[in-house]
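# Coordinate inspection notes
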There are 2 protein chains.
Amino acid sequence: MPTTTSLPPVGYIGLGIMGRPMAGHLLRAGYPLTVYNRTRAKAEPLVAEGAKLADSPKAVAEASEFIFTNVTDSPDLESVILGEPAAAAAHCSHKSAVIDGVRPGSIVIDNSTVAPATAKKIADALAKKDVFFLDAPVTGGEKGAIEATLAIMVGGDENAFQRALPLLQKMGKTILHMGPSGNGQMTKAINQILGALHLVAMAEAFALAQAAGLDLEKTRQIVASGAAGSWMLSNLAPRAFAGDFRPGFKAGLQNKDLRIALEAAAELGLDLPATRLARADFQRLVDMGCADEGTQAIVKTRWKR
Amino acid sequence: MPTTTSLPPVGYIGLGIMGRPMAGHLLRAGYPLTVYNRTRAKAEPLVAEGAKLADSPKAVAEASEFIFTNVTDSPDLESVILGEPAAAAAHCSHKSAVIDGVRPGSIVIDNSTVAPATAKKIADALAKKDVFFLDAPVTGGEKGAIEATLAIMVGGDENAFQRALPLLQKMGKTILHMGPSGNGQMTKAINQILGALHLVAMAEAFALAQAAGLDLEKTRQIVASGAAGSWMLSNLAPRAFAGDFRPGFKAGLQNKDLRIALEAAAELGLDLPATRLARADFQRLVDMGCADEGTQAIVKTRWKR
């Protein structure tokens, strides 16, 4: 009677910078793991560690009680979980999405950052098959994913959350149930608004420091220690000063997340002028060709070269 | 040969919320202290502790080797140190400003937050009398003033800074020389830009949380722990949630400081669009009659009642 067989089978779809280490924690905790990634090579390190490789999201769903997803944007997620709209409309015989293979009582847990409205739509569609859906976006970056110190903000059914919690605890440190479906994504949108505006604040304040000829690092030290302090100022400003624009979190993704936040606000009849300004700045940064640089590259919208 | 007589005589002009505790630290450290305040009653607690009361800024300057000032805005400071322009123009016989009494070799140290250009103008005027001027604005609020944990950012002559340092160390914890005259105020402007934008970020992000029906405090906890964290989010957001708008730092003063920052930027040919937006928000808050509330009242420009 080996104890490991008591752990339920788990699937993970989307093995990017975040997904791969997160899936790895489940595997190393003893969960039988089936994985799928569009680019197959990204799955191989996990397969080498003992994960099974599936040939579709559907196959992952068929093999798993808990199915995790981690993709880039709302349309990708809909396609992975609900299938291609075109294929569905044509009653295409080759159905390969999660919804085509998932069993009643299973839980689909999405770690992507997508629109709250998308999370609600997917939750509704899966509920018709007696499948639970949790929107569970994360913060903490690649480092947090590798070290299992992520913050995970979860929307969806409370009982499903409790069932998923032991698995989420393998990936993150702070895990909170934020309410019904969509509330995890809404919390993430709030997180992204704050982060983006703190980055714009950093860019603008140090544009003035630069123009005035101040020692940037000395200025940062004295202001970061008090009421003007932020995580961005402590962690990303020194990289920007050093001209290090390698990505912790990519500017293009920050731009996408701000679009999601503004759309979610608009659906609630809310105008967010400062967020609109930050979004325009990140869009400009993307238009400058810097989508794959880290968010600290926002200083390029304000600083002289 | 009592050792206390070796401490030079010190003056403090402007005994408001910040100035009174700062002057008190000098007095308790054994410096012979002469004080002046327009509203005389505010000087009495220090007089009761042993400070001498002077009847003008000039009289403070005559009695002191180090003369501190702490007033609200640039015109107040010019009037206290250089005198009323009208009186000067008329060669008014009753000259009562610091410059009318100060002795060569003395150091005037301003703890106010004023325009960098005002600091430079005053430094130039005093230099003609062989008097040094240090612009030495502070951050850390009333609590920092009382506990002597302020950060003090200093512009002006390096040797004058070294002479003043033992006195500044009685009032603050982090004390940095930022370069020539005006650089202390410029550093403070940068500090105020960051703080204001972090407050606007808080107001806007939690307007979305409120509209979405999220638990505000739970949302704050999960986002404050990561890359979206800021001093404002940790310290002022809980007060705003509780409807506590008592001032740590007054909205009207934040508005004034943003005006100073934008003017300083404009003089350097720099446009700061996010700071302009924050300034418009604080102006609106002042127009709503909230100048004497704490800066966390900025949420009133975004939140539903």
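What you are looking at is a predicted structure, and each value in this text was computed from that prediction instead of being measured. (Residues numbered from 1 in each chain as written. Chains lettered and ligands numbered in written order. Predicted model: local features only at pLDDT ≥ 70, side-chain atom pairs only at ≥ 80, totals over all residues. Heavy atoms only, no water.)

## Description of the pattern of salt bridges
All names here are of chain A. One pass over the structure, following the stated rule, counts 30 salt bridges over all chains. A salt bridge links R28 to E49; the shortest N-O distance between them is 3.0 Å. Pair noted here: R28 is in helix α1 (residues 19-28) and E49 is in the loop between α2 (44-48) and β3 (52-53), with a separation of 21 residues, a long-range link. D257 is the partner of K256 in a salt bridge, and the nearest nitrogen-oxygen pair spans 3.0 Å. As far as the burial class goes, K256 and D257 line up, both buried. Salt bridges sharing partners connect three or more residues here, namely E204, D281, R284 and R302. (Salt bridge = Lys/Arg side-chain N within 4 Å of Asp/Glu carboxyl O. Helix = DSSP H or I, 4+ residues; strand = E, 2+ residues; numbered from the N terminus. Buried < 20%, exposed > 50% of the residue type's maximum accessible area, 1.4 Å probe, protein only.)

## Quick notes on the domain arrangement of chain A
For interface size, the figure often reported is the accessible area lost on association. Residue and element names in this part refer to chain A. The domains assigned to chain A are domain 1 (10-180) and domain 2 (187-301). Centre-to-centre, using C-alpha coordinates, domain 1 lies 29 Å away from domain 2. Each partner contributes to the interface: domain 1 provides 12 residues, whereas domain 2 provides 10 residues. For the domain 1 and domain 2 pair, buried surface summed over both sides reaches about 920 Å², with 64% attributable to carbon and sulfur atoms. Summed over the three residues of domain 1 that lose the most area to domain 2, namely D73, T113 and M153, the buried surface amounts to 39% of that side. Seen at the junction of domain 1 and domain 2, the total is 1 salt bridge. Close ionic contact of R259 with D73 constitutes a salt bridge, the shortest N to O distance being 2.5 Å. (Domains from an automatic or database assignment. Contact = heavy atoms within 4.5 Å. Buried area = accessible area lost by both parts, 1.4 Å probe.)

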